[in-house]
Amino acid sequence: MSGAMRIVGVGLPRKDALEKVTGRVRYTADVDLPGMLHAKTLRSSRAHALIRSIDVTAAANAPGVRAVLTSKDVPSHYMAVYGYNIKDQPLVATDRVRYMGDIICAIAADTEEQAAAALALVSVAYDDLPVVATMEAALAADAPELFPEAPFGVVPGYGEGASAVMRPRKNVCYQFNYTTGPSSAFDVCDFVYEDVFRFSRMHHYHLEPFVTVASAREGRIEVWASNQNPFPLRKELARIFKVSESSVTVHVGTLGAGFGSKNNCKTEPVAVMLSLMTKRPVRFCLTMEENALTNTQHAAILKLKTGVMKDGILVARQSEILLDSGAYSDASPLVAEKAGYRIPGPYRWKHIDTACLCVMTNTAPAGPFRGFGGTQASWASESQLDMIARRLGLDPYDMRVKNMISLGEPFVPGESGMDSDLKEGLDLVCAEIGYHDKVKKPFFGKGISIGFKDGGGIKKAAQARVRILTNGDAIVNCSSVEMGQGIRTAMTQVVGEILQLPIERISAPAINTDHSPFCEGTNASSGVAVTGRAVAQAARDARQKVLDFAAMQLQCDASELSLENGVIVQGTGPNAQRHPMGPMVMGFYGGPGFEFTAEGFFMAPVDHRAPLESPCVFWEMGWGAAEVEVDIETGQVKVHKLVTSGDTGRSINPLVCKGQEDGAAVMGYGQAMFERMIYNDAGELLNIDPLIYRVPLAEDVPSHFVTITQQQGHGPGPFGAKGAGEATILPVASAIANAIEDAVGVRITELPITPERVLEALARKAKAELRS
Amino acid sequence: MIPMEIDFILNGRAVTGKVSGNLLLADYLREHLDLKGAKIGCSRGACGSCTVLVNNIPIAACSYFAFQLDGKSVLTIEGLERDTTLHDLQQAFIEHAAFQCGYCTSGMILVLKAMLDHEPNPSRDTVVEWISSNICRCTGYAQIIAAAEAIIAMRANTGPTEAVS
Ligand code: FES
Ligand code: FES
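How each quantity is defined
Residues numbered from 1 in each chain as written. Chains lettered and ligands numbered in written order. Predicted model: local features only at pLDDT ≥ 70, side-chain atom pairs only at ≥ 80, totals over all residues. Heavy atoms only, no water. Contact = heavy atoms within 4.5 Å. Buried area = accessible area lost by both parts, 1.4 Å probe. Salt bridge = Lys/Arg side-chain N within 4 Å of Asp/Glu carboxyl O. Polar contact = N/O pair within 3.5 Å; in protein donor to acceptor, adjacent residues only side chain to side chain. Helix = DSSP H or I, 4+ residues; strand = E, 2+ residues; numbered from the N terminus. Nonpolar A, V, L, I, M, F, W, Y, C, P; charged D, E, K, R; others polar. Pairing = 2+ DSSP bridges. Axes fitted to C-alpha atoms, helices over the stretch in contact; angles between N-to-C directions. Buried < 20%, exposed > 50% of the residue type's maximum accessible area, 1.4 Å probe, protein only. Patch = residues over 30% accessible without salt bridge, like charges linked within 9 Å, V, L, I, M, F, W, Y side chains within 5 Å. Areas by Shrake-Rupley, 256 points an atom, 1.4 Å probe, with all protein chains shown as cover.

Caption draft 1: Quick peek at the interface of chain B and chain A. Opposite the 43 residues of chain B that make contact, chain A presents 49 residues. Between chain B and chain A, the buried area comes to about 3,700 Å², and carbon and sulfur atoms account for 59% of it. Across the contact surface, chain B and chain A share six salt bridges. Linking arginine 44 of chain B and aspartate 689 of chain A is a salt bridge whose minimum nitrogen-to-oxygen distance equals 2.4 Å. Seen at the junction of chain B and chain A, the total is 20 residue pairs in polar contact (both at pLDDT 80 or more). Elements supplying a minimum of two residues to the side of chain B that touches chain A: α2 (88-95), α3 (105-118), α4 (124-131) and α5 (142-158) of chain B. Tallying contributions element by element places α2 of chain B first for the side of chain B that touches chain A, with four residues. For the side of chain B that touches chain A, a count of residues per class yields 20 nonpolar, 15 polar and eight charged.

Set out below in structure tokens:
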């Protein structure tokens, strides 16, 4: 199309720009319904205990209190437990508490202060049980059993080589396995290396808390939720409260971020229950401290056994990954699948054998976190690859290039082909830090890494609807949640490009599950690559309906027509005739006008040959490189340069993509250097206070911090796009650890890379050198 | 608690309010005055999403009593626009996509406004130092810094556009 508007690929102002820079945007936290009550909860002060008794008498009579909820108020016909494949988290604790933070009692009152004051009057008597605060403690032979009863859940179908079991052993809620190729491959290896890596745990630290406003009556539930998966939430609420799914309405507007945490049930069940009890709308909004107790990343221990040839060719990898899943299984089985599946990294192998176990502990429940198991896997895999290269006397760059999957090559049998040129990305980040420069300054080192994850989700279905209005304005209805990633902007740009319509004329309204098209959820970087395909199809079909209508009016063939900014263009060049849509539509349909509506649908094909039963929609690759300087006196590591890069395939909005890559990289940087949740052996979260828990500030970001957005053009989404937003968290920690070994010859295998750990490693090295 | 009467300037207009001694400024703004642009992230003075300017100094409204406003002037994000014309910082935030979820945005813009009023021609380090009072979990800060630098460069050429102070 000559002279066509370019909308895709342009850094247009975001659709939500004006409302966000003026403070006019409204989040779920701002929802205020007439007669609304406020909920607060009493949380367990014990990490593991039986509840002997709860006395709420005084609280029930406190000023402003409208309802007090404990487990005995939950009707027995409700299925008041939730989780993904395994439903083990109770709406409120029943006979026992499993972590400091478990909800024991909830109160709805006229104000939050009154609810909080009343909670102080509740007394709970506990019988303490032994605490398992760590995975080691949970797996010990004499560890107490955290879930004495049989698990209530399902193992989903898997494809070739993959399998899973629920509760394979005490205190493990799920184990995922993947195997391909003969294990005899180890026999031919020149060397086999075994290394163990530890991964710390962060909390998501989204600034808008978990919050729900619920308005429920017997048989009817309406919630305003800060939730990234409105449709699964609808289904889960219907199941818990035993109402028809069509009687549950979930409203989702703008989220103040989530980074994975705002999925499934969080604040919703308590809010709904209190609303049912009071017949009033109830707002349940957590504090930042409570956010940290509600969902976290998975700490992990990753044991890798890797067989190689002496020229650096990778042969076989066996791995065991332990994920600290906390007190309830939440999405841990899904994270286990992904961590287990991604641990080989983007390399060729003759044999892979992986077990990933979800270990239950008396700590906060862990769940989805940006990177979704891929961050843990990349940390271990990319660290070990570097260690092996150095042991073999090879350059880590050469070792990666030798083994990496080439463009189009499947990751494992049955999988889709790699859709990025891995070397192209690696060369970019290497160039940016001068990786190949020969001069080496003392105590300076450079490291590289390739982060790897499958993107787009498994068997993920999305529908979309595009409506072209009388004058050519358009509405795109789809259920990708706007949580900061810019998905509503991206969708309007996709529609705008197809309709040749400025995005000012396109709206993307908030989600209401009664009207919005189905979407499995906003996760796995699937917005553009999955839902976007449904949107693009809907836009093309709606456009075709307009052109067919116009062809009928103009008595010509639709192929002679095009649509541009709400005008039907007949013919091309200087003689083209322009017919504004409005008069033509009203001429036929009358004054009220009309809407041309089309639906789109996308779901990745189901294929049993693919290990996860659905070939990966796209590969989300994140390349990283770092230059560090290590102070051997203090153990301080200064990251002089941090470079990360993702491949968006095609950036629908380059400014938005860059922002996502910056944000993910800085999150990874915090994890690498200092950010972590610290638990003691009693299961107490020591740095729960937001003033103490440390997240990256502007001053923490390395002065030479660069993100490079590649657009290699091989994505499956609209205009060659892939998903984005997670890639650049993946390679950061390992690139830094690799740079440290390059600088001072010590290997840090545990995150975060604190000065103490560096000093310890230096001391170990000095000792070893003394001995030899 | 006996309410006290306070006189202060709210977004350029003189107002009188009745507040109880334990009312937090964040709640006063959000619940009583319906100015919801200041967000509550942590309620602990750590994140800065509740930032407003009191006498042109950024303060955390979650950790400041409403009565402390007496005799002072407060500027919230709602007061930054002049007759529907965006402040140049707001414009720069739009052009540089200096926000994602937007929860930190009101605070970040106000911090930068205070910075520019105090130091009209700051270095990049000064920008970093000022915004390090606030947390943005989404952006990694690069685009916020880029927006600030664009304003600084623009103002160096054209002088400041009028801003409410
Ligand atoms: S909400 Fe006030 S500083 Fe975080
Ligand atoms: S844009 Fe989300 S916290 Fe800054």
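Moving on from the coordinates now.
Caption draft 2: Representation of the sheet that holds strand β1 (residues 4-10) of chain B within the structure. Residue and element names in this part refer to chain B. Here five strands make up an open sheet; going across it, the order is β2-β1-β5-β3-β4 and the pairing mixed. In this open sheet, the two strands that pair with only one neighbour each are β2 (13-19) and β4 (57-60). Taken over all neighbouring pairs, the strand axes of this sheet differ in orientation by 40° on average, direction set aside. Two elements, β1 and strand β5 (residues 73-75), share two bridges in a ladder whose sense is parallel. Each residue of the ladder has a partner; that of isoleucine 9, found in β5, is serine 73.

Caption draft 3: Focus on the pattern of salt bridges. Tallying each qualifying case throughout the model produces 55 salt bridges over all chains. Between arginine 348 of chain A and glutamate 409 of chain A there is a salt bridge; the shortest N-O distance is 2.8 Å. Of this pair, arginine 348 of chain A sits in the loop between α8 (332-342) and β18 (351-360) while glutamate 409 of chain A sits in the loop between α10 (396-403) and α11 (422-433), placing them 61 residues apart in sequence. A salt bridge links aspartate 34 of chain B to lysine 36 of chain B; the nearest nitrogen and oxygen atoms lie 3.2 Å apart. Residue classification places lysine 36 of chain B among the buried residues on the basis of a relative accessible area of 7%. Salt bridges linked by common partners bring Glu382, Asp386, Arg390, Arg400, Glu741, Asp742 and Arg747 of chain A together as one network.

Caption draft 4: Geometry of a nonpolar patch on the surface. Residues and elements named next belong to chain A. Together, Met552, Phe588, Tyr589 and Phe594 make up an exposed nonpolar region whose accessible area comes to about 390 Å². Looking at the element boundaries, phenylalanine 594 is found in the loop between α14 (581-589) and β27 (596-603). Residue classification places phenylalanine 594 among the partly exposed residues on the basis of a relative accessible area of 32%.

Caption draft 5: Molecular detail of the environment of glycine 593 of chain A. Residues and elements named next belong to chain A. Take glycine 593: it is sitting in the loop between α14 and β27. Relative accessible area serves as the criterion here: at 16%, glycine 593 is assigned to the buried category. The contacts of glycine 593, once residues within four sequence positions are left out, are Thr470, Val585 and Met586.

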